Amino acid sequence: PHTQTITLQVNGQPQTLSLDTRTSLLDALREYMDLTGAKKGCDHGQCGACTVLIDGHRVNSCLTLAFAAEGARITTIEGLARTPDPKAIEDLSAVQAAFLVHDGYQCGYCTPGQIISATAAIDEQRKGDLSIVSWHNGQSDRPELTDDEIRERMSGNICRCGAYPNIVAAVRAASK
Ligand code: FES
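Note that the structure is a prediction, hence the values are computed from the model and not measured.

## Topic: the pairing of strand β4 (residues 57-60)
Consideration 1: With four bridges joining them, strand β3 (residues 51-54) and β4 adopt antiparallel strand pairing. Paired with Val52 across the two strands is Val59, which belongs to β4.

Written as structure tokens, this is what we have:
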């Protein structure tokens, strides 16, 4: 294997590692940095359980080479709360708190990916990035996400338990 040294910026901390250049960002996080919040569901870009933010944009970390993320700002579920060691619901991000309040999970395996993805989806919407649904509906300036938009924007995150109604409720609440 071809091993090189890499420094990744993860949740505001520089992490210097010696990695095989073919290592996925997901494996780098889970196996080398002990950040196991991002989950390996399919390892093929189909389930969204591995979603993390790179410079604020959501990506499937299973499909991203760790080396491709060098120099970027990587945010995982571990870095989302308002405080580093959250003890109370007020310490969580708005999206995390909404998932708790609305029971937006069942087994919880897909939840870190769902929450990261929802965080980005709400951010995209606030920045006026039009979704396909609002484009089709001729709605260009929506103050809030509709449930259809939430489902469309969250469609890359699969929940095997089918907790979708509560996931949509959580995203709706957090997006207000
Ligand atoms: Fe990356 Fe499923 S593990 S999309």
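Moving on from the model shown.
## Side note on the domain arrangement of the protein
Consideration 1: Once the domains are mapped, the protein shows domain 1 (3-79) and domain 2 (89-175).
Consideration 2: On a C-alpha basis, the centres of domain 1 and domain 2 stand 22 Å from each other.
Consideration 3: On the domain 2 side, the residues contacting the 15 residues of domain 1 number 12 residues.
Consideration 4: Of all the secondary structure elements, the ones that give two or more residues to the side of domain 1 that touches domain 2 are β3 and β4.
Consideration 5: Per-element tally for the side of domain 1 that touches domain 2: the top contributor is β3, with three residues.

## Quick word on unusual backbone geometry
Consideration 1: Phi is positive for Asn11, which is not a glycine, with a value near 50°.
Consideration 2: Assignment of secondary structure puts Asn11 in the loop between β1 (3-10) and β2 (13-20).
Consideration 3: Using a count of 20 C-beta atoms within 10 Å as the deciding quantity, one classes Asn11 as buried.
Consideration 4: A positive phi angle, close to 60°, is found at Asp34, a residue other than glycine.
Consideration 5: Secondary-structure assignment places Asp34 in the loop between α1 (25-32) and β3.

## Some remarks on the packing of helix α3 (residues 111-126) against helix α6 (residues 164-175)
Think of two packed helices as two axes; the pair is described by the angle between the axes and how far apart they sit.
Consideration 1: Following both chains from N to C, one finds α3 and α6 inclined at 40°, their axes separated by 10 Å at the closest point. Here α6 runs oblique to α3, going by the angle between their axes. Between α3 and α6 lies a crossing whose hand is right-handed. Residues Gln114, Ala118, Ala121, Ile122 and Gln125 of α3 lie in contact with α6, whose contacting residues are Ile167, Val171, Ala174 and Ser175.
Consideration 2: Of the residues belonging to the contact of α3 with α6, the class tally is six nonpolar, three polar and no charged.

## Thoughts on the environment of Gly156
Consideration 1: Within the secondary structure layout, Gly156 lies in the loop between α5 (147-153) and α6.
Consideration 2: A residue is classified by how many C-beta atoms lie within 10 Å of it, and Gly156, with 16 of them, is partly exposed.
Consideration 3: Separated by 39 residues in sequence, Gly156 and Ser117 place their C-alpha atoms 8.4 Å apart.
Consideration 4: In contact with Gly156, other than residues within four places in its own chain, are Gly48 and Ser117.

## Structural notes on the pairing of β2
Consideration 1: Bridge analysis of β1 against β2 gives eight bridges, and the strand direction is antiparallel. Each bridged residue has a counterpart across the sheet, and for Thr7 the counterpart in β2 is Thr16.
Consideration 2: Turn length for the β1-β2 hairpin, with the two strands adjacent in sequence and antiparallel, is two residues, and the turn residue Asn11 shows positive phi of about 50°.

## Some details on the sheet that holds strand β5 (residues 73-75)
Consideration 1: Reading across the sheet, the five strands line up as β2-β1-β5-β3-β4 and stay open at both edges, with mixed pairing between neighbours. Two strands lie at the open edges of the sheet, namely β2 and β4, each paired on one side alone. Each strand axis lies, on average, 40° off the axis of its neighbour in the sheet, ignoring direction.
Consideration 2: The sheet contacts of α1 involve β1, β2 and β3, and relative to β2 the element is tilted by about 105°.
Consideration 3: In this fold α3 packs onto β3 and β4, with an angle of close to 35° to the strand it touches most, β3.

## Some words on the environment of Gln9
Consideration 1: Locating Gln9 in the fold gives a position in strand β1.
Consideration 2: Its 16 C-beta neighbours within 10 Å are what place Gln9 among the partly exposed residues.
Consideration 3: Remark: the alpha-carbon pair of Gln9 and Leu145, spanning 136 residues in sequence, is separated by 31 Å.
Consideration 4: With residues near it in sequence (within four places) discarded, Gln9 still touches Pro14, Ala72, Arg73 and Ile74.

Cut-offs used in this document
- Residues numbered from 1 in each chain as written.
- Predicted model: local features only at pLDDT ≥ 70, side-chain atom pairs only at ≥ 80, totals over all residues.
- Pairing = 2+ DSSP bridges.
- Helix = DSSP H or I, 4+ residues; strand = E, 2+ residues; numbered from the N terminus.
- Domains from an automatic or database assignment.
- Contact = placed C-beta atoms within 7 Å.
- Buried ≥ 20, exposed ≤ 12 C-beta atoms within 10 Å, placed from the backbone.
- Axes fitted to C-alpha atoms, helices over the stretch in contact; angles between N-to-C directions.
- Parallel < 35°, antiparallel > 145°, perpendicular 65-115°, else oblique.
- Left-handed = near helix turned anticlockwise from the far one by under 90°.
- Nonpolar A, V, L, I, M, F, W, Y, C, P; charged D, E, K, R; others polar.

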